[in-house]
Every structure is written in structure tokens, then in C-alpha cells.
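These are the residues of each chain, in order.
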Amino acid sequence: MAAQATLHCLTGCAIGEVLGMVIGTALGWGNVPTLILAIALAFFFGYLLTLRGVLKAGIGLKAAIRVALAADTLSIAVMELIDNGVIALWPGAMDAELADAAFWWVLALALAAAFVITTPVNKWMIGRGKGHAVVHQYH
């Protein structure tokens, strides 16, 4: 269950992270604005995927937002800390251009590391009735 919850979270985070890194890099932004955009989009898409599922269950928007925040905030935060940490600390990764293989493989490695490290966090939260455990009643 924790791996499935982490994979769900990773999907939204990856969409936002990749989109933010591509936009920031393509526009020639500096490291900090690019990372801020990638993190903001990762949270946006992570929450959006959960909201979509919860809203399908017929819950109102305000309550659905509360569920998404409770279900995903810690998971997304840990995931973003890890994947952006890997990207920021990997020598040359922040200087790589879209056409550079390093841009893509470091991004993929960072997301994989985020999955591995965030899965135990989600397991711990689910075991305590928190995190994605609050979403399961709406599926």
C-alpha cells in the first residue's frame, strides 16, 4: 500500500518536477527560480491528482482540498526535498541543458531516489491512519 501511495505521489510530483525543470531550463532561468517553479508545480500536480479522485467520490471541493492536503503534504515535501537535493548537489546537473543526456538521467535518478526514500515515510504514515490512509475511503 505504501509503494502504491508513493507511486501515486511520484506521478504528480514527476509531472510538476519535469515540467518546472524543462520550463526553467528552456527559458534560461537561474537555479533558484527553476527549482521554485519545479517544486510549486510538483505540489500542484500532486494535489491535483488526489483531488481528481476524491472529487469523483462526490465530496465537495473544500473538503476534497482538506483531504488532499492531509494525504499528500508530507509525502510531496519529502519527495521534493530528496529529488531537488539530488539535482542541486549532483555536479553539473543544474547546468545541464535540455539536449544533454545528463539533464534527463539525473532527473530520473533523483525521482527514483525520492521514491525509495519516501516509501517508508508513507508506510509509517499509513500505519498511523494518516497520509494516503485518509484517501482510501474515497476510492
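Look above for the structure.
Calculation rules
- Residues numbered from 1 in each chain as written.
- Predicted model: local features only at pLDDT ≥ 70, side-chain atom pairs only at ≥ 80, totals over all residues.
- Heavy atoms only, no water.
- Patch = residues over 30% accessible without salt bridge, like charges linked within 9 Å, V, L, I, M, F, W, Y side chains within 5 Å.
- Areas by Shrake-Rupley, 256 points an atom, 1.4 Å probe, with all protein chains shown as cover.
- Salt bridge = Lys/Arg side-chain N within 4 Å of Asp/Glu carboxyl O.
- Helix = DSSP H or I, 4+ residues; strand = E, 2+ residues; numbered from the N terminus.
- Buried < 20%, exposed > 50% of the residue type's maximum accessible area, 1.4 Å probe, protein only.
- Phe/Tyr/Trp six-rings, centres within 6.5 Å; stacked < 30°, edge-to-face > 60°.
- Polar contact = N/O pair within 3.5 Å; in protein donor to acceptor, adjacent residues only side chain to side chain.
- Contact = heavy atoms within 4.5 Å.
- Axes fitted to C-alpha atoms, helices over the stretch in contact; angles between N-to-C directions.
- Parallel < 35°, antiparallel > 145°, perpendicular 65-115°, else oblique.
- Left-handed = near helix turned anticlockwise from the far one by under 90°.
- Nonpolar A, V, L, I, M, F, W, Y, C, P; charged D, E, K, R; others polar.
- Core = buried A, V, L, I, M, F, W, Y, C linked by side-chain atoms within 4.5 Å.

(A) Representation of a nonpolar patch on the surface in the model. On the surface, a nonpolar cluster with roughly 360 Å² of combined accessible area is contributed by L19, I23, L27 and W29. If you trace the backbone, W29 turns up in the loop between α1 (2–26) and α2 (31–56). The class of W29 is partly exposed, set by a relative accessible area of 39%.

(B) Spatial organisation of the packing of aromatic side chains. Scanning all chains against the criterion turns up 4 aromatic pairs. Taken together, a centroid distance of 5.9 Å and an interplanar angle of 50° make the contact between F43 and Y47 tilted. Taken together, the positions of F43 and Y47, both in helix α2 and 4 residues apart, correspond to about one turn of that helix. Judged by centre distance (5.4 Å) and plane angle (85°), the rings of W90 and W105 are edge-to-face. On the criterion of sequence distance, the pair formed by W90 in the loop between α3 (61–89) and α4 (101–127) and W105 in helix α4 is long-range, its members being 15 residues apart.

(C) Here's a closer look at the side chain of T6. Relative to the assigned elements, T6 resides in helix α1. Overall, T6 belongs to the buried group, its relative accessible area being 0%. Polar side-chain contacts of T6 include one of 2.7 Å to the backbone oxygen of A2. The contacts of T6, once residues within four sequence positions are left out, are M79, F115, T118, T119 and N122.

(D) The arrangement of the packing of α2 against α3 in detail. Put simply, α2 and α3 touch, their axes get as near as 8 Å, and they point 140° apart. Taken together, the axis directions place α2 and α3 in an arrangement best described as oblique. For the pair α2 and α3, the crossing hand works out as right-handed. Contact residues: α2 offers L35, A38, I39, A42, F43, G46, Y47, T50, L51, V54 and L55, while α3 offers L61, A64, I65, V67, A68, L69, D72, T73, I76, A77, E80 and N84. Across the contact of α2 with α3, the residue classes tally to 17 nonpolar, 4 polar and 2 charged.

(E) Region of interest: the side chain of T118. Inspection of the secondary structure puts T118 in helix α4. At 2.6 Å, the side chain of T118 forms a polar contact with the backbone oxygen of A114.

(F) Focus on the packing of α3 against α4. Running from amino to carboxyl end, α3 crosses α4 at an angle of 150°, the nearest separation of the two axes being 8 Å. Here α3 is positioned roughly antiparallel relative to α4, judged by the angle of their axes. At the point where α3 passes α4, the crossing takes the right-handed sense. Contact residues: α3 offers L74, S75, V78, M79, I82, D83, V86 and I87, while α4 offers V106, L107, A110, L111, A113, A114, I117, T118, V121, N122 and M125. Residues belonging to the contact of α3 with α4 are distributed by class as follows: 15 nonpolar, 3 polar and 1 charged.

(G) Structural context of the nonpolar core. One finds C13, M21, V54, M79, I87 and L107 to be the most contacted residues of the largest nonpolar core, which totals 31 residues. Secondary structure elements with two or more residues in this core: α1, α2, α3 and α4. Per element, the largest residue contribution to this core is 9 residues, and it comes from α3.

None of this, on its own, says anything about what the molecule does.
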